[in-house]
Amino acid sequence: MKKTSQEESKTWKCSVCGYIYKGNEPPEECPQCSSSSKEYSELKEKQKLGYDGKKFDVLLINGSSHRAHNTGVLTDLAEKTLKSKGVSFRRFNLNELDIQHCWCCYSMRDSACTYPCRNQLDDAPALQEMIVDSKAVIIASPINWNNMSARLKDFLDRLTCLQNLYLLKKEGLTTGKVIGILVNGHEDGGMKTAMDIFIYFQQMGFVLAPFGFMYRTHGAQYNAKTDNDFFKDDEKLKNEVEGIVSNVIETMNLDLETKLKDRIVPVSE
Ligand SMILES: Cc1cc2nc3c(=O)[nH]c(=O)nc-3n(C[C@H](O)[C@H](O)[C@H](O)COP(=O)(O)O)c2cc1C
C-alpha cells in the first residue's frame, strides 16, 4: 500500500544520543550511536515533568543511557512483578528526562541546600517530590567503570537537598522508606555499583530491603552485540529481580516509615 506523505514525514528522535531521523518508521539501528529502534520516539515538544500529587507506592527508575536494553530488561521484569502483585508504581527511564547536574549549592553554604531544590528548571524536582510521597524506590543501573551510570549519578546527586535536611536539623522526609537495587554489566563491579547506589539512600534514612540488591554479569561468553540475549533469557536474573521486588514490597508493607518516625538518630557523613 502506498504510504501517505503525512506518514513519510514523521520525525523521530533517539533518546540516547538525540539523533533526528525522518521516515515512516524509526531506523532499525541508530546511525549515530547504534541503539535499537526501541530507543526512538516520535519527536514532540518536551514538557517539563510534573507530579500530579496522586500517591503511589513504588518509584521505579531505569538509570541507563538506554531505556530498552539490558538495564531495561531488569526494569521491565521489576515492572511486571509490581503489576502482578497489584502494587501502585510509576516508572521512569532517565534517558527520557532532562536531569541537570547538581549545582552543589551545599558546597557554598550548608543552608543553601534544602528541599525543595533551588534548581526548578528541569525534571528532577518532580522526581524528588515523588520520592518524598512514595514508600519505596527501586533503582536499576548498568555498571559503568565499576560504578553506576553517569546519568544515574547526576540524578542521585540531585537528592542532596533531601539528605541535607538531616544536617540542617530539619524534619527528614525519607526516613524508613525502602530501597531495592538492580544492577547489570559485562564482567565486574556489580557489588560496588550496588553499594555506591545504596550509600545515597542510606544517607537519606532509607532501609535496604533484606536481600534487597542483585547484580548480574554475563562473563566472557557474550559480547555487547549478544549480551541482550543473555539478559532476556537468564532464569537466575529473572528470579533475582522478582525476589528483590518482592522483598521491597514485604518490607514496605511493614510501614517502617510510620513506626520509626521520630525514633531514628540521623547520622550522616
Ligand atoms: C562507559 C562504560 C563503562 C562500562 N564499564 C563496565 C564495568 O566496569 N564493568 C562491567 O561489568 N561492565 C561495564 N560496562 C558494560 C555495561 O555495564 C553493559 O554493557 C550493560 O549491560 C549496559 O547496560 P544497558 O544495556 O542498559 O546500557 C561498561 C559500559 C560502558 C558503556
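Please refer to the structure placed before this passage.
Presented here is an overview of the structure given in this document.

Cut-offs and rules
- Residues numbered from 1 in each chain as written.
- Predicted model: local features only at pLDDT ≥ 70, side-chain atom pairs only at ≥ 80, totals over all residues.
- Core = buried A, V, L, I, M, F, W, Y, C linked by C-beta atoms within 7 Å.
- Buried ≥ 20, exposed ≤ 12 C-beta atoms within 10 Å, placed from the backbone.
- Helix = DSSP H or I, 4+ residues; strand = E, 2+ residues; numbered from the N terminus.
- Expected span 1.5 Å × (residues − 1).
- Contact = placed C-beta atoms within 7 Å.
- Near = placed C-beta within 6 Å.
- Pairing = 2+ DSSP bridges.
- Axes fitted to C-alpha atoms, helices over the stretch in contact; angles between N-to-C directions.

What about the nonpolar core?
Most often, soluble globular proteins have nonpolar side chains that are buried together.
Part 1 of the reasoning: In this structure, Ala78, Ile138, Leu182, Val241 and Val248 are the most contacted members of the largest nonpolar core, which totals 59 residues.
Part 2 of the reasoning: Trp12, Val16, Cys30 and Tyr40 belong to the second largest nonpolar core, which has five residues in total.

Some thoughts on helix H8 (residues 235-253)
Part 1 of the reasoning: Here H8 spans 27 Å end to end across 19 residues, near enough to the 27 Å set by a 1.5 Å rise per residue.
Part 2 of the reasoning: Burial in H8 covers these residues: Leu237, Val241, Ile244, Val245, Val248, Ile249, Thr251 and Met252.
Part 3 of the reasoning: Taken together, the buried residues of H8 touch helix H2 (70-84), strand S6 (136-142), strand S7 (178-185), strand S8 (207-217) and helix H7 (227-233).
Part 4 of the reasoning: The first or second residue beyond H8 is Asp255, which carries a positive phi of 50°.

Brief notes about the site of the ligand
Part 1 of the reasoning: Around the ligand, a shell composed of 21 residues is seen, among which His69, Asn70, Thr71, Pro142 and Gly185 lie nearest.
Part 2 of the reasoning: Within the residue set of the shell around the ligand, elements represented by two or more residues are H2 and S7.
Part 3 of the reasoning: In terms of residue count, the dominant contributor to the shell around the ligand is H2 (three residues).

Concerning the sheet that holds strand S2 (residues 20-22)
Part 1 of the reasoning: Reading across from one edge, S2-S1-S3 is the order of the three strands in this open sheet, with antiparallel pairing throughout. On the outer flanks of this sheet lie S2 and strand S3 (40-42), each paired with one strand and no other. The sheet shows a mean angle of 35° between the axes of neighbouring strands, direction not considered.
Part 2 of the reasoning: As judged from the three bridges shared by strand S1 (residues 11-14) and S2, these two strands associate in the antiparallel manner. Its bridge partner being in S2, Trp12 is matched across the sheet by Tyr21.

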